[in-house]
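Structure at a glance
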Amino acid sequence: MDKAVIDVIREKEQLPDSMMDSEIAREYKGTYTAARAAVSLDHKPLDQVLADAMGKVFPFMKKKK
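Given the structure is predicted, the values throughout are model-derived calculations rather than measurements.

**Describing the environment of Arg36**
- Mapping Arg36 onto the fold places it in helix H3 (residues 32-42).
- Along the sequence, Arg36 and Arg10 sit 26 residues apart, while their C-alpha atoms lie 13 Å from each other.

Here's what the structure looks like:
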């Protein structure tokens, strides 16, 4: 399991830093939580995708940063 996936699982599940990466990988391997963590690394949230699309179609609707 990738370190980035383990880090996402640790953050989402609020696991203690004392828990070793190998323990997390063993416990969460093949689970729905691990799958969601992996997908979250590659995809933007739906509301962000919609905001980006609306910003392209209607430039005046872009949020000012």
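**Overview of the pattern of salt bridges**
- One pass over the full model with this rule turns up three salt bridges.
- A salt bridge links Asp7 to Lys3, with the shortest nitrogen-to-oxygen separation between them at 3.0 Å. Placement of both Asp7 and Lys3 in helix H1 (residues 3-12) is noted, with a separation of four residues, approximately one turn of the helix.
- Since its relative accessible area comes to 46%, Lys3 is described here as partly exposed.

**Remarks on the packing of H1 against helix H2 (residues 21-28)**
- Packing of H1 against H2 brings their axes to within 10 Å, and their N-to-C directions diverge by 80°. Here H2 runs roughly perpendicular to H1, going by the angle between their axes. Along the contact surface, H1 presents Lys3, Ile6, Ile9 and Arg10, while H2 presents Asp21, Ile24, Ala25 and Tyr28.
- Tallied by class, the residues present in the contact of H1 with H2 amount to five nonpolar, no polar and three charged.

**Thoughts on H1**
- Val5, Ile6, Val8, Ile9 and Arg10 are the residues of H1 that are buried.
- At its buried positions, H1 is contacted by H2 and H3.
- Positive backbone phi, at 55°, marks Gln14, one or two positions downstream of H1.

Definitions and cut-offs
Sequence positions are assigned chain by chain, starting from 1 and proceeding in written order. pLDDT decides what is reported in this predicted model: residues at 70 or higher carry local features, side-chain atom pairs at 80 or more are listed and counted, and totals for whole chains, interfaces and linings draw on all residues regardless. The side-chain figures draw on all heavy atoms in the structure; neither hydrogens nor water molecules are used. Strands here mean DSSP runs of E at least two residues long; helices mean DSSP runs of H or I at least four residues long; both are numbered from the N terminus. Every case where a carboxyl oxygen of Asp or Glu lies within 4 Å of a side-chain nitrogen of Lys or Arg is listed as a salt bridge. With a 1.4 Å probe rolled over the protein chains alone, any residue whose accessible area is under 20% of its type maximum counts as buried; one over 50% counts as exposed, and the rest are partly exposed. Only the stretch in contact is used when fitting a helix axis, every axis being a line fitted to C-alpha atoms; angles between N-to-C directions are given from 0 to 180 degrees. Orientation categories follow fixed angle ranges, with anything under 35 degrees roughly parallel, anything over 145 roughly antiparallel, 65 to 115 roughly perpendicular, and all other angles oblique. Here a residue-residue contact requires only that any non-hydrogen atoms of the pair lie within 4.5 Å. The residue classification treats Ala, Val, Leu, Ile, Met, Phe, Trp, Tyr, Cys and Pro as nonpolar and Asp, Glu, Lys and Arg as charged. All others, Gly included, are polar.

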